[in-house]
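Summary of structural features
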Amino acid sequence: MTKVLSFINLKGGVAKTTTAVMLADTLAILGQKRVLVLDLDPQTNATLALIGEERWMQADDAGQTLAQLFLDQVNGTAIFDPARAVIRGASNLNLIRHELIDQLPDDVQYGRVDLLPSSIRLIDVQDRMQDISTRSHYAVSPMEVVRKFIAPLFTAYDYVLIDCPPNLGFVTLNGLEVSDHYLIPTIPDRMSTYGVPQIVNRVADVKAKRNLKISCLGVIITKYQSNSSTQKRGLERLPTDLETAFAPHGEPTPPILKTRLPQTNALAEAVIYERKVANYREKYGTGQVGGQAAYKYGPDLADELEELLSFHDLQGSLDEHVLHATHR
Ligand SMILES: Nc1ncnc2c1ncn2[C@@H]1O[C@H](COP(=O)(O)OP(=O)(O)O)[C@@H](O)[C@H]1O
Ligand SMILES: [Mg+2]
């Protein structure tokens with residue numbers, strides 16, 4: 001079953017994109033999973049990290065970005081073509097040239113990162129989507145654009161990772177609409193965790209209104225500095241802050257993942273597409289940080305996430321079992 005995960009925080013610069021891209025590489029290249037990244041952020045950082053500027057410009061010129069998908073709804077055009085827009089074999093770790101991937105028969109599957117790119121033009125979309133929601137004759141609800149046009153592609157993947165902008169506008173809500181879970185990457189300081197209750201409240205609100213299945217899978221500590229007293233205090237306070245945010249919605253407090261991504265240039269530079277790297281280890285760094293090689297944090301994080309996901313699956317089937325048993 002495809003797992004769809006959104007990365008959200010109202011704060012920019014907390015490593016949402018870096019974490020999403022690293023996980024995409026980890027799951028695909030090390031885990032041999034089929035991964036699709038949806039870049040919903042007008043900053044296009046995940047797009048640039050996965051395909052570089054040249055291929056991004058080609059996609060943008062051809063109108064094959066998620067911005068165009070939204071613009072099509074506003075303008076009544078149909079320029080965006082989901083099948084054409086998916087960039088197969090993104091990431092500089094992909095081993096097969098993309099011209100060749102497009103010629104592979106559908107039954108040839110291998111672990112790789114595919115991308116639906118973003119565009120800076122998504123900024124305009126946000127305002128204009130507001131217009132279509134007040135018009136009576138729009139064809140697709142503004143909340144359901146991704147669900148209608150993109151979600152049908154998901155079945156071909158093990159994981160869909162959605163990189164969200166640091167706000168809870170229409171575009172982000174489109175991502176939540178199709179997500180099984182969301183993850184909150186955060187630096188463990190006051191500035192970065194400040195918006196967490198707002199995220200939780202807003203997600204709970206749309207979840208109830210639109211009858212969604214989404215839940216918080218966990219909080220990922222990023223840019224961790226073990227010698228920082230500010231971060232130490234932030235970490236101590238975080239479990240209570242989370243409980244305070246989730247309890248009013250009757251939701252369990254999500255776990256803070258044990259893997260803390262350390263503050264290190266190795267991880268920051270890893271997602272620069274233009275760097276020539278031979279393999280995963282070289283890309284994510286062999287230098288020691290926080291007691292282990294930098295490249296080991298990705299697999300640690302991926303293992304934890306897979307464990308959490310299978311726990312959720314187990315819980316889901318147990319709930320169903322209980323439901324059936326009580327109705328018998
Ligand atoms: N573990 C890390 N250590 C040091 N710098 C990092 C780390 N992770 C990300 N960065 C840097 O922090 C900045 C913000 O990261 P980014 O992933 O773009 O955040 P967001 O998507 O939340 O805005 C970028 O310059 C990135 O290179
Ligand atoms: Mg980002």
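Everything below is about the structure shown above.
Residues numbered from 1 in each chain as written. Chains lettered and ligands numbered in written order. Predicted model: local features only at pLDDT ≥ 70, side-chain atom pairs only at ≥ 80, totals over all residues. Heavy atoms only, no water.

**A few points about the packing of aromatic side chains**
- Counted under the stated rule, the structure contains one aromatic pair.
- With a centroid separation of 4.8 Å and 35° between ring planes, the pair formed by Tyr280 and Tyr284 is classed as tilted. Here Tyr280 and its partner Tyr284 are both found in helix 13 (residues 280–284), four residues apart, which amounts to about one turn of the helix. For the residue pair Tyr280 and Tyr284, the accessibility class agrees, reading buried in each case.
- Lying across the ring of Tyr224, Arg260 places its NZ or CZ 4.9 Å from the centre. (Phe/Tyr/Trp six-rings, centres within 6.5 Å; stacked < 30°, edge-to-face > 60°. Helix = DSSP H or I, 4+ residues; strand = E, 2+ residues; numbered from the N terminus. Buried < 20%, exposed > 50% of the residue type's maximum accessible area, 1.4 Å probe, protein only. Lys NZ or Arg CZ within 6 Å of the ring centre and 35° of its normal.)

**Considerations on the side chain of Asn94**
- Within the secondary structure, Asn94 sits in the loop between strand 3 (87–90) and helix 5 (98–101).
- Given a relative accessible area of 16%, Asn94 falls into the buried group.
- At 2.5 Å, the side chain of Asn94 and the backbone oxygen of Ile96 are in polar contact.
- A polar contact is formed between the side chain of Asn94 and the side chain of Tyr110, at a distance of 3.0 Å. (Polar contact = N/O pair within 3.5 Å; in protein donor to acceptor, adjacent residues only side chain to side chain.)

**Here's the deal with empty space enclosed by the protein**
- Summed over all chains, the structure comprises one cavity of 30 Å³ or more.
- In terms of lining, the largest cavity is formed by Tyr182, Val200, Val203, Ala204, Lys207, Ile214, Ser215, Cys216, Phe246, His249 and Glu251.
- Among the elements of the structure, helix 10 (196–210) and strand 7 (215–221) are those that each provide at least two residues to the lining of the largest cavity.
- Ranked by the residues each element gives to the lining of the largest cavity, the list is headed by helix 10, at four residues.
- Grouping the constituent residues of the lining of the largest cavity by class yields seven nonpolar, two polar and two charged. (1 Å grid on protein atoms, 1.4 Å probe; cavity = no way out; pocket = protein on both sides within 12 Å on 5 of 7 lines; lining within 4 Å. Points joined across faces, edges and corners; volume = space filled by probe spheres on them. Nonpolar A, V, L, I, M, F, W, Y, C, P; charged D, E, K, R; others polar.)

**Observations regarding helix 10**
- The end-to-end C-alpha distance of helix 10 is 21 Å, a good match for the 21 Å that 15 residues give at a rise of 1.5 Å each.
- Each element contacted by the buried residues of helix 10 is listed here: helix 8 (170–177), strand 6 (181–186), helix 9 (190–193) and helix 11 (229–246). (Expected span 1.5 Å × (residues − 1). Contact = heavy atoms within 4.5 Å.)

**Thoughts on helix 8**
- Burial runs high along helix 8: eight of the eight residues are buried.
- Residues of helix 8 that are buried include every one of Phe170, Val171, Thr172, Leu173, Asn174, Gly175, Leu176 and Glu177, and no others.

**Comments concerning the nonpolar core**
- Membership of the largest hydrophobic core comes to 52 residues, with the highest contact counts inside it found for Leu38, Leu116, Ile150 and Tyr182.
- Top contributing element to this core by residue count: helix 3 (residues 66–75), with six residues.
- Excluding residues within four positions of it along the chain, Ile150 makes contact with Leu38, Leu66, Leu69, Phe80, Leu116 and Val145.
- Ranked by size, the runner-up nonpolar core spans 45 residues in total, among them Tyr159, Val271, Leu305 and Leu308. (Core = buried A, V, L, I, M, F, W, Y, C linked by side-chain atoms within 4.5 Å.)

**Structural notes on the site of ligand 1**
- Around ligand 1, the surrounding shell holds 14 residues, and the nearest of these are Gly13, Thr18, Lys223, Pro262 and Thr264.
- In this structure, an oxygen atom belonging to ligand 1 sits 2.8 Å away from a side-chain N or O atom of Thr17.
- For ligand 1, the accessible surface in isolation is 560 Å², of which the surrounding protein chains cover 77%.
- A majority-of-atoms criterion places ligand 1 in the largest pocket.
- For the shell around ligand 1, the secondary structure elements donating two or more residues are helix 1 (16–30) and helix 12 (265–270).
- Take the shell around ligand 1: its biggest share by element is three residues, from helix 1.
- Taken together, the residues of the shell around ligand 1 sort by class into five nonpolar, seven polar and two charged. (Near = heavy atom within 4 Å. Areas by Shrake-Rupley, 256 points an atom, 1.4 Å probe, with all protein chains shown as cover. Sits in = over half its atoms within 2 Å of the grid points.)

The analysis is restricted to geometry; functional conclusions fall outside its scope.
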